[in-house]
Amino acid sequence: MNPRWSPSTFLGQLPAETLDHLLHLGTLTAYPAHRFLLHQGDKSRHVLLITEGVVKVVTSSEDGCDMLLAVRVAGDLVGEMAAFENQPRSGTVIACSDVSAHIIQWRALEGFLTRHADAMAALFQMMSARLRWANRRRLDFRAYDAPTRLARVIAELAQAYGHPHNGDADKSVTLGVTLTQTELASLAGLALPTAEKALATLSQQGLLERNYRRITISDIPQLLKFARIEDENPY
């Protein structure tokens, strides 16, 4: 695994030699914050390999309802579903910060994966993890109340994107991504007023602290217990 990127990301799973070959593919491009990188409905077949920054994946319904589907960070691959399936893109990718990404055409990536079995295995692992996330959210919608659902989402975000707070990663972490309450509500499948009440509940329990859009988990073991996932501790 490469320590430059989180082990939860595609690049974080690759050995050095394979990683070096991959980073020579495509065109490295810089994007400012708030730039749209990929557009829902577009029929292009390239992927983006994020090497710096954070992006959000958003989908919109025909009546204009927007929903945050996912957050992706440096080391992640985005746009692979449309490339694999040769179908219109199912979401829009937006830069949350300054972003650097390699634009890689599907044929080039396909050839690379054919030559590097370890990269193909890492891609399968990445896609499997994303499917598990989606499956867990479907279960959460039926099995848990709003505060528990939100706690489960925040715990998994912290697993993937958390940074140690006060030097103790086993006790407290700060989310490495900035999310609005509306976006958190989208990830947990909650209405905004319900999500606001759930956040207040978690704060009152001493499980997290909020500072503008930044969330710090104050007590990881207790959050996992509250979220009913202490037996599958992701940390």
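By the naming in an unreviewed UniProt entry, the protein chain goes by Crp/Fnr family transcriptional regulator and is assigned to Streptomyces kasugaensis.

Sorry if this is basic, but what is going on with the sheet that holds strand 8 (residues 99-105) here?
Where strands meet in a sheet, backbone hydrogen bonds hold them as pairs that are either parallel or antiparallel. One open sheet holds the four strands; their spatial order is 1-8-3-6, and the pairing between them is antiparallel. Edge strands, defined here as strands with exactly one partner in the open sheet, are strand 1 (27-31) and strand 6 (77-78). Of the pairings in the sheet, the one linking strand 3 (residues 46-52) to strand 8 comprises six bridges and is antiparallel in character. The residue of strand 8 that forms the bridge with V47 is I104. Lying over the sheet, helix 3 (residues 106-115) contacts strand 3, strand 6 and strand 8, oriented at roughly 85° with respect to strand 8.

Just to check I follow, could you spell out the domain arrangement of the protein chain for this structure?
Accessible area lost upon the coming together of the parts serves often as the stated size of an interface. For the protein chain, the assigned domains are domain 1 (10-136) and domain 2 (144-227). For domain 1 versus domain 2, the separation of C-alpha centres amounts to 25 Å. Facing the 13 residues of domain 1 at the interface are eleven residues of domain 2. Carbon and sulfur atoms supply 63% of the area that domain 1 and domain 2 bury against each other, a total of about 1,000 Å² over both sides. Ranking the residues of domain 1 by area buried against domain 2 places L68, V71 and W133 at the top, with a combined share of 52%. Put simply, domain 1 and domain 2 have two salt bridges between them. The salt bridge involving E156 is made with R136; its shortest N-O contact spans 2.7 Å. The interface formed by domain 1 and domain 2 contains two residue pairs in polar contact (both at pLDDT 80 or more). At the level of secondary structure, the elements contributing two or more residues to the side of domain 1 that touches domain 2 comprise strand 4 (54-60), strand 5 (66-73) and helix 4 (117-143).

Help me out: how do you make sense of the nonpolar core in this one?
Within soluble globular proteins, side chains that are nonpolar tend to cluster in buried spots. Counting 36 residues, the largest nonpolar core has L150, I154, L157, L179 and L184 as the members making the most contacts within it. Only strand 4, strand 5, helix 5 (146-161), strand 10 (173-175), helix 6 (181-188), helix 7 (192-204), strand 12 (214-217) and helix 8 (220-226) provide two or more residues apiece to this core. Counting residues per element, this core draws most heavily on helix 5, which supplies nine residues. Both domains that furnish three or more residues to this core are identified here as domain 1 (10-136) and domain 2 (144-227). Setting aside residues no more than four positions away along its own chain, L184 makes contact with L150, I154, L157, L179, L199 and I215.

Conventions we followed
Residues numbered from 1 in each chain as written. Predicted model: local features only at pLDDT ≥ 70, side-chain atom pairs only at ≥ 80, totals over all residues. Heavy atoms only, no water. Pairing = 2+ DSSP bridges. Helix = DSSP H or I, 4+ residues; strand = E, 2+ residues; numbered from the N terminus. Contact = heavy atoms within 4.5 Å. Axes fitted to C-alpha atoms, helices over the stretch in contact; angles between N-to-C directions. Domains from an automatic or database assignment. Buried area = accessible area lost by both parts, 1.4 Å probe. Salt bridge = Lys/Arg side-chain N within 4 Å of Asp/Glu carboxyl O. Polar contact = N/O pair within 3.5 Å; in protein donor to acceptor, adjacent residues only side chain to side chain. Core = buried A, V, L, I, M, F, W, Y, C linked by side-chain atoms within 4.5 Å. Buried < 20%, exposed > 50% of the residue type's maximum accessible area, 1.4 Å probe, protein only.

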